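Examination of the molecular architecture
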Amino acid sequence: MAAQDLVEPQSVQSHTPWWSRLVAGLFLLILGSALAAQLWLARAADIASAEQMVQSMAVAIAQNIGGSVRSVDSLLVDMAVSVAEGSWEDPANRLRFEGRLSAFPELLWVGVTGMDGMVSGYPVPAFSGGPWRASASHRDYFRVFAGGDPAGGNGGRLHVGLPAIGQITGERTIHLSRAILKDSKVIGIMVAAVSADYYAGQLGITLLDSDGASAVLRSDGLMMARAPAHAEKFGINISSSDLFTKWLPREKQGVVRLISKADGNDKLLSYQQLDRYPLVVTSGVSLQKALTTWNRMMVVEVTGFILFSGAVIYWASMSDLRNGAILRHRETLKQAVAEQTADLERAKSLAERRAEDIASLNLKLSRLAQVTAHDLQEPVRRMVSFSQLLRRRLHQLSEEAEADLRYIEDGGKRLKMTLEGFRQYTELLGGTPVFEEVPLRDCVELALEPLREAIAAGGGEVRIGSLPSVPADRSFLTLAIARLMDNAWRYRDTERPARITISGGQDDTGWWLVTEDNGQGLPTTMDQWILNPVAVSQGPGERSGMGLAFCQAVAEIHGGHLEAERLPEGTRFILRGRFPDIS
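Residues numbered from 1 in each chain as written. Predicted model: local features only at pLDDT ≥ 70, side-chain atom pairs only at ≥ 80, totals over all residues. Heavy atoms only, no water.

**So, helix H11 (residues 440–448)**
As a reminder, the rule being used: Only protein chains enter the accessibility calculation, which uses a 1.4 Å probe; a residue whose area is less than 20% of its type maximum is buried, one above 50% is exposed, and one in between is partly exposed. Only DSSP runs of H or I covering at least 4 residues are called helices, and only runs of E covering at least 2 are called strands; the numbering of each starts at the N terminus. Throughout, the arc means that of the directions going from the helix axis to the C-beta atoms.
Taken together, the buried positions of H11 are occupied by Leu-440, Cys-443, Val-444, Ala-447 and Leu-448. Seen from one end, H11 has its buried residues packed into an arc of 125 degrees, which puts them on one side.

Laid out in structure tokens, this is it:
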């Protein structure tokens, strides 16, 4: 027995040194894999968030720069027609163009280039100050149109010139030009000199990251404007970059990761090619900037994991060497878990603070939008009032002047309504709904009250069917119904008496309110964006373009949505809501 007793402890001892460490190793392998997966998912989420951010910014830049180029293009078309018709030198016509040019801060000058290569330029906005003359025969836009071909080698579209330093202004310039046609022949070139520095300033306003940069480029890779380092990078050619050799040939817009040819930075770049114009806009953020939060989190978690792993290995080793030290190893493990828990609590606290910061920022942005919409109504009111005062003072006006004044008044009224609608829309988005049991018939009667007299005078008819009582915000719902009623009456068919039908219902999941009319119906070109803000169709009357967007927002507040259906005669709108979840 004594010999056997001596052998058995040796057998046990031969197994204990590696068993605890094997279990610990497997545990750490699983935990490390989970941590790696969590870090990978977090990194992917941060990159996806950064991609969405640069994509949104690229869309905003494309709308800004594209809108500017479209406006300049429209101006050049009108000026080219004026030159071709011989009314270019008319003082009244000049005065009209000078008024339009005041709305173009990006323009340095506009001018007419003859087929002899001489340009007569007019500074902006002092358009009536008289022209200066200079040679433009060395400019690429002159070479494009000099052959007299109406297409000008450019398909008859706007020509975007090479980035250049203006010989008169000395500024970095982008020449936008169109052929002046008469009897299908090119008799000259209408040119507008756009300040590249102005575009760079606009890019600087929306700059996400100095290492990421934003830019406007020609489709052949020439740098037209950039932020930052605009002066340094103006006119460089990056056509050999992956953006132009790899990505743009595949898709006209997208988000890619690349090493920038302009600054050598590793970045996430969103690009978008403008419709109708050979320009590409980009917005980028460096990968280092995009992963700043993730890098901090990785350091914390990896450090914690290393500390935790050390504690577990230490515990396993001591368990293998000394079975009697289990309690001490448990305390070590408990301490390591406590450290991890503290790290997680700090991370949770940081996430909660960030969520509060984002909510506060959203509230500030909403308030800023409301204040801006309110304050902008004052200059619009003055524009309308003074145009009306001018009509009263000038008793006899030409038809053209009368039309111009009416255009100003109509535009001012339209803008005022849009601002008011935008203010109400932002108040709705930022407001807190108060739900109560509301009879839909009461809301319909209240919303219909301002229109009853007009509908009766116009021979119209309103039919109200059975309507339930639903849990809703009375104020928001009444405003939405009022806009649907106003929409039905405003777009009535003048060839037949207006008929508006209102009905509703409910089931186990929610409720609905239906308005039908026999009016003009939905335009076939607006199916996809009729419910968007400022989606206004052509037609009579003053509209803000926010009505249906307001109704859609009200429906979303009530957990539903707004549907629009085209009928053989008229339109049907269905405002749906859901019952609150009280489980």
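There's plenty left to go through after this.
**So, the sheet that holds strand E19 (residues 570–578)**
Filter applied, for reference: A pair of strands is labelled paired if DSSP reports no fewer than 2 bridges between them. Here an axis means a line fitted to C-alpha atoms, over the contact stretch when the element is a helix, while the angle between two N-to-C directions is reported on a 0 to 180 degree scale.
Judged by pairing direction, the sheet is mixed, and its 5 strands sit side by side in the order E14-E16-E17-E19-E18 without closing on themselves. Each edge of the sheet is formed by a strand with only one pairing partner; in this case those strands are strand E14 (461–464) and strand E18 (562–567). Shown here is a sheet whose adjacent strand axes are inclined to one another by a mean of 15 degrees, direction ignored. Relative to E19, E18 runs antiparallel, the two sharing 6 bridges. Across the sheet, Glu-563 pairs through a bridge with Ile-574, a residue of E19.

**A word on the sheet that holds strand E8 (residues 214–218)**
Overall, antiparallel pairing links the 5 strands, which are arranged E9-E8-E12-E11-E10 in an open sheet. Where the open sheet ends on each side, the last strands, each with one partner, are strand E9 (223–227) and strand E10 (253–259). Put simply, the sheet's adjacent strands are angled 20 degrees from each other on average, direction ignored. Sheet topology places E8 next to E9; 4 bridges connect them, and they run antiparallel.

**Some remarks on the pairing of strand E1 (residues 107–113)**
Counting buried positions over the 7 residues of E1 gives 7, a clear majority of the element. Pairing between E1 and strand E7 (residues 185–195): 6 bridges, direction antiparallel. Paired with Val-110 across the two strands is Ala-192, which belongs to E7. Summarising the sheet, E1 and strand E2 (residues 118–123) pair through 5 bridges and their orientation is antiparallel. Each bridged residue has a counterpart across the sheet, and for Trp-109 the counterpart in E2 is Pro-123. In sequence, E1 turns back onto E2 through a hairpin of 4 residues, with Gly-117 there showing a positive phi of about 90 degrees.

**Description of the side chain of Arg-226**
Here is the rule we go by: Contacts described as polar in this section are N or O atom pairs within 3.5 Å, which, within protein, must combine one atom able to donate a hydrogen with one able to accept it, while residues neighboring in sequence count only if both atoms come from side chains. Contact between two residues is taken to exist if any of their heavy atoms lie within 4.5 Å; hydrogens are not considered.
Residue placement: Arg-226 occurs in strand E9. Looking at Arg-226, its side chain comes within polar contact range of the main-chain oxygen of Pro-228, at 2.7 Å. Beyond its immediate chain neighbours, meaning those up to four positions away, Arg-226 contacts Ala-200, Leu-203, Ala-213, Ser-214, Ala-215, Lys-233, Ala-262, Asp-263 and Lys-267.

**With respect to the environment of Val-470**
Among the structural elements, Val-470 can be located in strand E15 (residues 469–472). For Val-470, a relative accessible area of 0% corresponds to the buried category. The spatial distance from the C-alpha of Val-470 to the C-alpha of Leu-440 is 7.1 Å, given a sequence separation of 30 residues. Residue contacts for Val-470: discarding those within four places in its chain leaves Glu-436, Glu-437, Val-438, Leu-440, Gln-506 and Trp-511.

In short, geometric facts, not functional conclusions.
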